[in-house]
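Working through the structure, step by step
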Amino acid sequence: MVKAGARAVLIALLVAMPALLLPQTTADATQMIALLALVGALLTFVEYIGDYPSIIEFRDAPPFNRLRFLALFATVLILTLICRGEVYPSVLSQWLRELGRGVGDVLDFPYSPVRLMVLSASEEMSLEQVDLIRTHAGIAYLVSMMTLGLFVLIVRVLNWPIRKGAFNFWVNLPLFDPTAGGDVLRRLKRDAHVNVALGFLLPFLIPALMKLAAQAIEPMSLADAQTLIWITSAWAFLPASLIMRGVALMRIAELIEEKRRRAYAQADLQAA
């Protein structure tokens, strides 16, 4: 219960962080964010208080979910501090903005995800606001790539997820239906390839979809600090999360394939 409660508090803090740290948050926005934080905390507590998961995958295979949460938490926190520095400058916010500007300038080349994110800015936005979008995109993309690289290192070097014990397939993949038909191994590899491919495409697709949506409906303005923080965080986090899931599924498929190979070899040995 203590662990589930701690996770619920962290989720609520993540949702409410921009509203808590940024000035000039309206009363209506505060109430809405408080409601979302409460709902997120309640869902997290219910999920982790039970013996078996219902939605969250890889619950008993750390540090998969911990890495994803830390990546999103760090992204939102850094972007919030950068926006707060626009009103209340500090040494930390200035350093983070310079870091993000440097990374954004490096990644802002033709047809790159950062360039497409910058191009999603509306024509009414000033040069300073466009530069802020580039800074946010650069720092968010850096955090997502570092998280992805760290997870791949954990999988390949630290032998995730079986380093500390056996991997329970059905507990850690509650959304995977083994009775849906077809070989489990083939379906795992197919889902892994789909997740990795979609993860690579999303950083390019999201800005394009935002641009198309702006022509049909009234878009959310990236000039608003909280909107910019959440859109940029989702733009960087969702693709990295999908690629991590694809890598994890491929790793599980490798373990199943290896176990089958040993079982077939043992059966052939006994038959001989």
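Owing to the predicted nature of the structure, the values given are computational and were not obtained by experimental measurement.

Quick notes on the nonpolar core
If you look at the biggest cluster of nonpolar residues, it comprises 34 residues, and the most contacted ones within it are I133 and W235. Put simply, the parts of the chain that give this core at least two residues each are α1 (2-21), α3 (64-87), α5 (113-119), α6 (127-157), α8 (184-216) and α9 (225-271). With sequence-adjacent residues up to four places away left out, W235 is seen in contact with P113, V114, M117, A137, Y141, P203, I206 and P207. Ranked by size, the runner-up nonpolar core spans 26 residues in total, among them L67, F167, M244 and L249.

Thoughts on the packing of α3 against helix α4 (residues 91-107)
Running from N to C, α3 and α4 point in directions that differ by 115°, and their axes come no closer than 8 Å. In this view, α3 runs roughly perpendicular relative to α4, as classed from their interaxial angle. As α3 runs across α4, the sense of the crossing is left-handed. On the side of α3, the interface is formed by I78, L81, I82, G85 and E86, while α4 contributes L92, S93, L96 and R97. Tallied by class, residues from the contact of α3 with α4 come to five nonpolar, two polar and two charged.

Description of a nonpolar patch on the surface
There is a patch of nonpolar side chains on the surface, built from M32, L35, L36, V39 and L43 and spanning about 470 Å² of accessible area. The topology assignment puts L35 in helix α2 (residues 27-49). Residue L35 is classed as partly exposed on the basis of its relative accessible area of 47%.

Parameters at a glance
- Residues numbered from 1 in each chain as written.
- Predicted model: local features only at pLDDT ≥ 70, side-chain atom pairs only at ≥ 80, totals over all residues.
- Heavy atoms only, no water.
- Core = buried A, V, L, I, M, F, W, Y, C linked by side-chain atoms within 4.5 Å.
- Buried < 20%, exposed > 50% of the residue type's maximum accessible area, 1.4 Å probe, protein only.
- Helix = DSSP H or I, 4+ residues; strand = E, 2+ residues; numbered from the N terminus.
- Contact = heavy atoms within 4.5 Å.
- Axes fitted to C-alpha atoms, helices over the stretch in contact; angles between N-to-C directions.
- Parallel < 35°, antiparallel > 145°, perpendicular 65-115°, else oblique.
- Left-handed = near helix turned anticlockwise from the far one by under 90°.
- Nonpolar A, V, L, I, M, F, W, Y, C, P; charged D, E, K, R; others polar.
- Patch = residues over 30% accessible without salt bridge, like charges linked within 9 Å, V, L, I, M, F, W, Y side chains within 5 Å.
- Areas by Shrake-Rupley, 256 points an atom, 1.4 Å probe, with all protein chains shown as cover.
- Salt bridge = Lys/Arg side-chain N within 4 Å of Asp/Glu carboxyl O.

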